[in-house]
Amino acid sequence: RFIAKPCAINLGIQDSGPHRAQPNAILEKVFTSITKSPDGKRLEGLSKQLDWDVRKIQRWFRHRRNQDKPTTLTKFCESMWRFTFYLSIFFYGIRFLWTAPWFWDTRQCWYNYPFQPLTSKLYYYYILELAFYWSLMFSQFTDIKRKDFLIMFVHHLATIGLITFSYMNNMVRVGTLVLCLHDASDFLLEAAKLANYAKYQRLCDAFFMLFGVVFIVTRLGIYPFWILNTTLFESWELIGPYPSWWLFNGLLVTLQVLHVIWSYLIVRTASKALVRGKVSKDDRSDVESSSEEEDVTSNNTKGISSTSSNGSNRLNGHVAGSQWTGE
């Protein structure tokens, strides 16, 4: 409110929402009580009842779906908050781990386990991360449903489970490595979204490409060969197969599977960007299911190819047209 909003206004971001649908009691009743994306048969019935063209009714439903979505200013403020948190917690983690012996030698994570001291800095690092991921878990259900909703849900569950489980079992040393590694790329994605909202396309593309490189290096390189190596092999060698070994490593391997899926989507987005000259859409998310259904309906009712569904605004990083959409 006091920092992000003034920054957005200075960058020329207006607090204006999407076009509002004209009042219509019949369509409003269908929208609130029956469906937000009517099929071809229902569109034909409404067309006869209202004496409206089918395309006009489709536009009404599209505008009605979009009018309650947040403005670009709101999304900018949200991304700036996340950018601030990710950047701050990443540098806090790096500063803390730089003097930690297990940062340079992962075998230190298991020496004298489980009798390892819990310092105040380590405690606050854990509590801040846990609180933030719980907030993401709850806010996901109030956000507009996204294409990677299930993947993100599994990710948040695995992350919260890992943070809680490692804290309860005093595996906080290796836990700090996992947390810091995951924070290394997140603030770059939020920076790309901020540049996108401010319509700095080249800066947006640069941040997104940098995010992709850091993401792939950390999640497909450092994570399996550094983190999984110590949790799977070094821990087995130094302290043996402790009772919770399978659950702990199962959660870590689940995260690795999600890393592979996201890396594929990031690479696909980057490949399209090289062809088109700019990042037009992040395939990891941001496809509105209602817009896709409308396009299919349009094809069925009119027999013509529909336009891209990217024209509708989306939560957490979407803009109209062919510009890059955020998350």
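Analysis parameters
Residues numbered from 1 in each chain as written. Predicted model: local features only at pLDDT ≥ 70, side-chain atom pairs only at ≥ 80, totals over all residues. Heavy atoms only, no water. UniProt positions renumbered as here; feature names shortened; annotations may be inferred. Disulfide = S-S within 2.5 Å. Buried < 20%, exposed > 50% of the residue type's maximum accessible area, 1.4 Å probe, protein only. Helix = DSSP H or I, 4+ residues; strand = E, 2+ residues; numbered from the N terminus. Expected span 1.5 Å × (residues − 1). Contact = heavy atoms within 4.5 Å. Arc of directions from axis to C-beta.

In the nomenclature of an unreviewed UniProt entry, the chain corresponds to CERS5 synthase from the organism Brachypodius melanocephalos. Looking at the Catalytic activity (unreviewed entry) heading of the UniProt record, one finds this comment for the chain: "sphinganine + octadecanoyl-CoA = N-(octadecanoyl)-sphinganine + CoA + H(+)".

> What's the story with the state of the cysteines in this structure? I'm lost.
Linking two cysteines covalently via their sulfur atoms produces the bond known as a disulfide. Taken as a whole, this structure holds zero disulfides when the rule is applied. Cys77 provides the cysteine sulfur closest to Cys7, a residue in no disulfide bond, and the two sulfurs are 8.8 Å apart. Relative accessible area serves as the criterion here: at 29%, Cys7 is assigned to the partly exposed category.

> How should I be thinking about helix 8 (residues 149-168) in this particular structure?
Three or four residues apart is the spacing at which side chains of an α-helix point the same way, because the helix has 3.6 residues per turn. The terminal C-alpha atoms of helix 8, which comprises 20 residues, lie 28 Å apart, in line with the 28 Å expected from a rise of 1.5 Å per residue. Listed in full, the buried residues belonging to helix 8 are Met152, His155, His156, Ala158, Thr159, Ile160, Leu162, Ile163, Phe165 and Ser166. Check the buried side of helix 8 and you find it contacts helix 7 (120-139), helix 9 (172-197) and helix 11 (245-276). Just downstream of helix 8 lies Asn170, where phi reads positive at about 60°.

> Is there a simple way to explain helix 2 (residues 25-33) in this structure?
Within helix 2 the residues assigned to the buried category are Leu27, Val30 and Phe31. Summarising the axial view, the buried residues of helix 2 lie within an arc of 95°, below the 170-degree limit, and thus occupy one face. Away from its buried face by more than 90 degrees, helix 2 exposes Ala25, Lys29, Thr32 and Ser33. At its buried positions, helix 2 is contacted by helix 3 (40-50) and helix 4 (54-66).

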